[in-house]
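Notes for the structure review
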Amino acid sequence: MAFYMPIAKHIASDLERASYVRKMFEQGEELKKRHGAENIYDFSLGNPEVEPPDSVRESFIRNAAAGLPGAHRYMSNAGFVNVREKIADSIGRRSGAPMKAGHIVMTVGAAGGINIALKTLLNPGDEVIAFAPYFKEYDFYAKNHGGSVVAVPTDGETFKPGPAALEAALSARTKAVIINSPNNPSGAVYDADCLCGIADAIRAGERKFGTDIYVISDEPYINIVYDGIEAPHVFRHFKNALIVNSYSKSLALAGERIGYTAISPEAADADAIAAGLVFCNRVLGYVNAPAFMQRVVAENIEASVDIAVYAEKRDAICRIMREAGFDFMQPQGAFYLFPKIFGDDEEAFKDRAVQHNILIVPGAGFGWPGRFRLAYCVATDTILRSRNAFIALAAEFKQ
Ligand code: PLP
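The present account deals with the structure reproduced in this document. The structure displayed is predicted, hence computed values, not measured ones.

1. So, the pattern of salt bridges
In this structure the tally under the stated criterion is 20 salt bridges. With a closest N to O distance of 3.0 Å, Glu302 and Arg93 form a salt bridge. Here Arg93 lies in helix α3 (residues 81-95) and Glu302 lies in the loop between α9 (291-298) and α10 (307-324), a separation of 209 residues in the sequence. Classification of Glu302 as exposed rests on a relative accessible area of 54%. According to the relative accessible area criterion, Arg93 is exposed, its value standing at 60%. For the salt bridge of Lys340 with Glu157, the shortest nitrogen-to-oxygen distance reads 3.8 Å. Taken together, the positions of Lys340 in the loop between β9 (336-337) and α11 (346-355) and Glu157 in the loop between β4 (148-153) and α6 (163-169) put the pair 183 residues apart, joining distant regions of the chain.

2. Overview of the environment of Tyr336
Along the chain, the position of Tyr336 falls in strand β9. Note on Tyr336: relative accessible area 1%, which makes it buried. Along the primary structure Tyr336 and Arg236 are separated by 100 residues, whereas in three dimensions their C-alpha atoms are 27 Å apart.

3. So, the layout of surface pockets
Empty space within the second largest pocket amounts to approximately 500 Å³. Around the second largest pocket sit 24 residues that line it, and Arg94, Ile222, Asn223, Asn245 and Glu302 are the ones nearest its centre. At the level of elements, α3 and β7 (241-246) are the ones that each hand at least two residues to the lining of the second largest pocket. With three residues, α3 is the largest single contributor of residues to the lining of the second largest pocket.

4. Considerations on empty space enclosed by the protein
On inspection of all chains with the given rule, the structure shows three cavities of 30 Å³ or more. Its volume calculated, the largest cavity comes out at about 50 Å³. Taken together, Ile179, Ser181, Tyr190, Leu195, Ser217, Glu219, Ile222, Ala231, Pro232 and Val234 make up the lining of the largest cavity. The residue inventory of the lining of the largest cavity, partitioned by class, reads seven nonpolar, two polar and one charged.

5. Observations regarding the site of the ligand
If you check the shell around the ligand, you find 14 residues, and the closest are Ala110, Asp218, Tyr221, Ser246 and Arg257. Here an oxygen atom of the ligand and a side-chain polar atom of Ser248 are 2.8 Å apart. When the ligand is considered free in solution it has 400 Å² of accessible area, and contact with the protein chains removes 91% of it. Broken down by element, the shell around the ligand gets its largest block of residues, three residues, from helix α4 (residues 109-121). The class makeup of the residues in the shell around the ligand is six nonpolar, five polar and three charged.

6. A few points about the packing of α11 against helix α13 (residues 387-398)
If you want to describe how two helices pack, look at the angle between their axes and the distance between the axes. Where α11 meets α13, the axes come as close as 9 Å, and the angle between the chain directions of the two elements is 135°. Comparing their axes, α13 and α11 come out oblique. Seen along the crossing, α11 lies across α13 with a hand that is right-handed. Counting all contacts with α11, which are made through Phe349, Arg352 and Ala353, the residues of α13 involved are Leu393, Glu396 and Phe397. Residue classes in the contact of α11 with α13 are distributed as four nonpolar, no polar and two charged.

Reading the values: the criteria
- Residues numbered from 1 in each chain as written.
- Predicted model: local features only at pLDDT ≥ 70, side-chain atom pairs only at ≥ 80, totals over all residues.
- Heavy atoms only, no water.
- Salt bridge = Lys/Arg side-chain N within 4 Å of Asp/Glu carboxyl O.
- Helix = DSSP H or I, 4+ residues; strand = E, 2+ residues; numbered from the N terminus.
- Buried < 20%, exposed > 50% of the residue type's maximum accessible area, 1.4 Å probe, protein only.
- 1 Å grid on protein atoms, 1.4 Å probe; cavity = no way out; pocket = protein on both sides within 12 Å on 5 of 7 lines; lining within 4 Å.
- Points joined across faces, edges and corners; volume = space filled by probe spheres on them.
- Nonpolar A, V, L, I, M, F, W, Y, C, P; charged D, E, K, R; others polar.
- Near = heavy atom within 4 Å.
- Polar contact = N/O pair within 3.5 Å; in protein donor to acceptor, adjacent residues only side chain to side chain.
- Areas by Shrake-Rupley, 256 points an atom, 1.4 Å probe, with all protein chains shown as cover.
- Axes fitted to C-alpha atoms, helices over the stretch in contact; angles between N-to-C directions.
- Parallel < 35°, antiparallel > 145°, perpendicular 65-115°, else oblique.
- Left-handed = near helix turned anticlockwise from the far one by under 90°.
- Contact = heavy atoms within 4.5 Å.

Below you can see the structure in the form of structure tokens.
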């Protein structure tokens, strides 16, 4: 009798691959039950502990009380025009590009934005470059739309991509290059020189293969930068560019699922791509981004969580990890630290960390074995209390 599987084979196999994160989550919950949540140092998830700014809370109240007729109906699949105009103005001011509402599609977070971008661009068999280490959900997103990710390693110390490795990875099937700066998991911010190198390599590839290659800039951490560093605007460096942004981190609204995708007006076929994005928002079943949240973010376009709070958390975790003797690059942005493991077995290292009540994600989960990720968007008190545990963990390997 043929073996019957109720779900699609490729989903069953993806579930197996993705179950690692679930297992870690379950292990964390079990530990918290056993030892008390306050005694577990859970650095595994990028789910910010900070609350949305006061101005966002005020917008919630104002919009809920306004009782506008028709406020909760369907709208254009692209989102409200006045909201998109505001976002277009803001991007136009920062990039110098002549942005209009038609270049913006409101999305269900950055995840929704990347999915509509990939569905719009990819033909079956197309390739999407991602610079390792990278947010592994990209693998699933590309696969959703018939494509696959080709990982290109960055420099092992700075975690910035170089043009030579990118040029070597480009092929006639390369349709898009995903940039994620500030980066999850490395904390690297790509400077202007780095973006110029990527742009040169892409132009060389386009000439060689006679194709257009689109940069998809995944920017949920764009305003979380430290030490006066600024992430350069991608529209200043790439003609064929889309920005995917969300308010998950900048306004601490991850659960509310709100973001946008913007296409550069200079891009080849910008109008067709804009139409594709709107259509894909519809047919992927998002239909439109949440109406209430569109109104809220429109009133908070330039607002942000307090970056000084993240800087304080970064400094605290770096101080502890340095004292414990870990080798890492000080993050320039986002809220992740990506140190080297001790020893050469990252599973064993992760298990030893669990023995000290520390939850981490091994680097293989980002296509970069030999390191581990700490999400330091937890309470500062948790970071400070984790000191002895990290020192004891490191000491085990130094003996
Ligand atoms: N891209 C990166 C690099 C992320 O780290 C995340 C979330 O952690 C996302 C996209 C998804 O963000 P959103 O919650 O806006 O969908």
